[in-house]
Structure formats: C-alpha cells, structure tokens
Amino acid sequence: MAYLGKLYSHDRDENYESYIESLGLPADKAANLKNYKPQQKLEKNGDTYTLTSVSAVGNRVATFKVGEEFDETVAEGHKAKTTFTLDGNTLTQTQKFADGNVLNTKREYFDDKLIVTLTRTNWDGTAMRYYKA
C-alpha cells in the first residue's frame, strides 16, 4: 500500500464534461464541477480511512471504514448512502441517492499515478480522470 499518504495531482480528463452534463445540474454548479481539479490523498489510521480532495473550488474529506455504509452530504446538500470497498490497489466508492441514482467512483492507485473511473445509472458513458504522484 505504497500509495497511502501519497499526494496525487490532477493531470487530465476523458469524457468528464459529458459525465457532469449527465448529472442535470444548473449551469453554474456544472461549471464548478468541470473546473474541479483536486489533489487527492488516501490515508489510513487503524481500520479507518480518510480520503482528502483539495482544490481552489473547495475541499472534501471523507472518513470511512471499508464496507460500512454511511450518510454523506455531497454537492448542493444532496444526501447519499455511501460505501467504500477496497480490493488491492482499487478503492471503489458507491453513492446511492434517494431518487434511485447510483454513482460509482473507482480509484486505481499506482506508485506514480491514480486513475479514476466514473460511471452512473441513467448514463451509458464512462469518464476518466488521471492524476500524477
């Protein structure tokens, strides 16, 4: 788990704008997300993990235990039931919303990079975000 505690900086995206547009957000909120290019770090303390995303648009911190669902407040105060799973170097976040939408964020950690894959219900695409260590 050499990736723990390592800071990854946003490098580039593929199909991310289409992903944001599929969310049906107001134009100003969508623009903020399109400009969200955070640095990310995953840390572990005992059986608890902390995922920190830092950017000029805003910071997000999620503290969780693998496999345990928790209530998460996301953009614009929307609430999700969130679960993280960890398989080797792959951390998968599943966010379930009251309207039935499900967002999946798969983070694959490597020594020199982080690859994030974004999918969701009601959208046939896949978005990729790439980070460098």
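Our subject is the structure that appears above.
The rules behind the values
Residues numbered from 1 in each chain as written. Predicted model: local features only at pLDDT ≥ 70, side-chain atom pairs only at ≥ 80, totals over all residues. Heavy atoms only, no water. Helix = DSSP H or I, 4+ residues; strand = E, 2+ residues; numbered from the N terminus. Buried < 20%, exposed > 50% of the residue type's maximum accessible area, 1.4 Å probe, protein only. Contact = heavy atoms within 4.5 Å. Core = buried A, V, L, I, M, F, W, Y, C linked by side-chain atoms within 4.5 Å. Pairing = 2+ DSSP bridges. Axes fitted to C-alpha atoms, helices over the stretch in contact; angles between N-to-C directions. Phe/Tyr/Trp six-rings, centres within 6.5 Å; stacked < 30°, edge-to-face > 60°.

### Details of the environment of Val54
- By the secondary structure assignment, Val54 is in strand β3 (residues 48-54).
- Its relative accessible area of 38% is what places Val54 among the partly exposed residues.
- Along the primary structure Val54 and Ser9 are separated by 45 residues, whereas in three dimensions their C-alpha atoms are 9.4 Å apart.
- Dropping the residues within four chain positions of it, Val54 is found in contact with Pro38, Gln39 and Asn59.

### Concerning the nonpolar core
- Core analysis: the biggest nonpolar cluster contains 24 residues, and Tyr19, Leu42, Phe64 and Tyr109 have the highest contact counts within it.
- Contributing elements (two or more residues each) for this core: α1 (16-22), β3, β4 (60-64), β6 (79-87), β7 (90-97), β8 (102-109), β9 (113-120) and β10 (127-132).
- Apart from residues no more than four positions distant in its own chain, Leu42 is found in contact with Tyr3, Leu4, Gly5, Lys6, Tyr49, Thr50, Leu51, Phe64, Leu91 and Tyr109.

### Topic: the sheet that holds β4
- Across the sheet, which stays open at both edges, the 10 strands sit in the order β4-β3-β2-β1-β10-β9-β8-β7-β6-β5 with antiparallel pairing between neighbours. The two strands at the open ends of the sheet, each matched to only one other strand, are β4 and β5 (70-73). Neighbour-to-neighbour, the strand axes of this sheet turn through a mean angle of 25 degrees, independent of strand direction.
- In this sheet, β8 lies alongside β7 in antiparallel orientation, the contact comprising 7 bridges. Paired with Thr92 across the strands is Lys106, a residue of β8.

### Considering the packing of aromatic side chains
- Tallied over the entire structure, the rule returns 7 aromatic pairs.
- On the basis of an interplanar angle of 10 degrees and a centroid distance of 5.7 Å, the ring pair of Tyr49 and Phe64 is categorised as stacked. Of this pair, Tyr49 sits in strand β3 while Phe64 is found in strand β4, placing the two residues 15 residues apart along the sequence.
- Residues Phe64 and Phe84 carry aromatic rings whose centres are separated by 3.7 Å and whose planes lie at 15 degrees to one another, so their mutual orientation is stacked.

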